[in-house]
Amino acid sequence: MTRPVRALIDAQALRHNLKQVRETAPNSKVMAVVKADAYGHGLAAIANILIEAHAFAVASFDEGVVLRNAGVAHPICLLEGFFDAQELNLLTHYRFSSVVHNLVQLKQLERCQSSSPIDVWLKADTGMNRIGFVPDEVPDVLARLQKCNAVGRVRLMSHLARADDRTDKVTNDQIALFTQLAAGLELECSLANSAGVVAWPQSHFDWVRPGIMLYGASPVEGHSAAELGLHPVMTLTSELIAVNHRSKGDCVGYGGEWVCPEDMPVGVVAIGYGDGYPRLASALTPVLVNGERVPLIGRVSMDMITVDLRGRPDAQVGDPVVLWGQGLPVEEIAAHAGTIAYELLARMPKRAPRVQIN
Ligand SMILES: *Cc1c(COP(=O)(O)O)cnc(C)c1O
């Protein structure tokens, strides 16, 4: 028997979530965002399940190469574009399309002697204030791109900064500005991330770019994934490897921070921050043992956590444990650890084997 940690990847849930995207944005093509190893789920495996997406988006050239080597023939977009002229020269070989967000990239394209044209996404900054050309620069940049021999099709992209908050008016301003920019250009346009897909129908345009919702976590504040009809794709599982009876006053784990208030059973689960479980998960973070919630107690170690089994005195070594996923939303664990589902998923280490189910 090997160490029981597994990150189960539910292919059916993933396909279901893609279908939710399609139904929510029925007039848009879907660029599935699979950066950061498909939010920690496993890049090649996820892309091969998302075969019905129209394109994929990644953050780096290397991620794109992983997809091509896995046999993915879809259009692949580099969300930050190429990082130097050398990478630019390889784009055509792999048939990647590229975001162009700054003048350095534009000049490199103008100097590029590509044999076959590269499709680009002109990135406009409509209020995120991170990357992209400001609206006033867009017409000139567009004209320059369209004159480049190395450039094939040009499309327009921008990114929403606050779409996770349904009440934030800035999103309306961003949508209005983007609509105005797009007007009369006859370019394909893309603005919406997952939150845009779910909460801002006016942001859908020709292409939507969902990430987190594909993986079954909620992109909008105050709405659970279940309410939005999304199914969790990753379920992080392990087992109880010890059940120990402690006495009143015993201190549990590193630093002895948790003190037993009475004689009680303490369970030990083989999972820790070395497996991607957040070290900062606070006491009382829920853990499913045999499908029932029990509270985390004491500090998270690299390979183990301890749980309060007073509510489950029948629990035994070998019983199944779920850390997040099916029956326990990853958003809830993230909230207990002072972070967001995106981070917990994206930083999942290789150490936790990804096992495809369904
Ligand atoms: C990561 C990313 C997305 C996907 O965002 P989600 O919130 O995960 O849906 C979309 N567009 C761009 C430019 C991104 O960087």
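For the structure itself, consult the block above.
Residues numbered from 1 in each chain as written. Predicted model: local features only at pLDDT ≥ 70, side-chain atom pairs only at ≥ 80, totals over all residues. Heavy atoms only, no water.

**Student:** Give a detailed account of the overall build of the protein, specifying residues and quantitative values.
**Tutor:** Regarding its fold elements, the protein presents 11 helices and 18 strands. For the C-alpha atoms alone, the extent of the protein along its principal axes is close to 75 × 40 × 35 Å. Looking at the protein residue by residue over its 358 residues, the buried ones come to 52%. Carbon together with sulfur atoms contributes 50% to the accessible area of the protein, which is approximately 15,800 Å² in total. When the 32 positive and 38 negative side-chain charges of the protein are each reduced to one mean point, those points stand 3 Å apart. (Helix = DSSP H or I, 4+ residues; strand = E, 2+ residues; numbered from the N terminus. Buried < 20%, exposed > 50% of the residue type's maximum accessible area, 1.4 Å probe, protein only. Areas by Shrake-Rupley, 256 points an atom, 1.4 Å probe, with all protein chains shown as cover. Lys, Arg positive; Asp, Glu negative; His and termini not counted. Charge placed at Lys NZ, Arg CZ, Asp CG, Glu CD.)

**Student:** Mind laying out the state of the cysteines, listing which residues take part and the relevant values?
**Tutor:** Evaluated as defined, the whole model comprises 0 disulfides. Cys 148 forms no disulfide, and the closest cysteine sulfur to it belongs to Cys 112, at a distance of 8.6 Å. Here Cys 148 falls in the buried class, since its relative accessible area comes to 8%. (Disulfide = S-S within 2.5 Å.)

**Student:** So what's going on with the packing of aromatic side chains? Residues and values would help.
**Tutor:** Enumeration over the complete set of coordinates arrives at 7 aromatic pairs. When the ring of Tyr 39 is compared with that of Tyr 342, the centres are 6.1 Å apart and the planes differ by 40 degrees; the resulting orientation is tilted. With a gap of 303 residues between them, Tyr 39 in helix H2 (residues 35–39) and Tyr 342 in helix H11 (residues 341–346) connect regions that are remote in the sequence. Since its relative accessible area comes to 35%, Tyr 342 is described here as partly exposed. Within the aromatic cluster, the residues linked to one another by ring pairs are Tyr 39, Tyr 215 and Tyr 342. (Phe/Tyr/Trp six-rings, centres within 6.5 Å; stacked < 30°, edge-to-face > 60°.)

**Student:** Could you give an account of the packing of helix H4 (residues 61–69) against helix H5 (residues 85–94), with specific residues and numbers?
**Tutor:** Orientation of H4 relative to H5, taken along the N-to-C sense of each, is 20 degrees, at an axis distance of 12 Å. Accordingly, the angle class assigned to the pair H4 and H5 is roughly parallel. The two elements H4 and H5 cross, and the hand of that crossing is left-handed. Across from Phe 61, Val 65 and Arg 68 in H4, the residues of H5 making contact are Glu 87, Leu 90, Leu 91 and Tyr 94. Partitioning the contact of H4 with H5 into residue classes produces 5 nonpolar, no polar and 2 charged. (Axes fitted to C-alpha atoms, helices over the stretch in contact; angles between N-to-C directions. Parallel < 35°, antiparallel > 145°, perpendicular 65-115°, else oblique. Left-handed = near helix turned anticlockwise from the far one by under 90°. Contact = heavy atoms within 4.5 Å. Nonpolar A, V, L, I, M, F, W, Y, C, P; charged D, E, K, R; others polar.)

**Student:** So what's going on with the pattern of salt bridges? Which residues, and what values?
**Tutor:** Across all of its chains, the model carries 14 salt bridges by this definition. Linking Glu 23 and Lys 19 is a salt bridge whose minimum nitrogen-to-oxygen distance equals 3.9 Å. A residue pair is termed a helical-turn pair when its members lie 3 or 4 positions apart in one helix, as Glu 23 and Lys 19 do in helix H1 (residues 11–24) at 4 residues. The exposure class assigned to Lys 19 is partly exposed, which follows from its relative accessible area of 48%. Salt-bridge contacts for Arg 293 lead to Glu 332; the nearest nitrogen and oxygen are separated by 2.7 Å. (Salt bridge = Lys/Arg side-chain N within 4 Å of Asp/Glu carboxyl O.)

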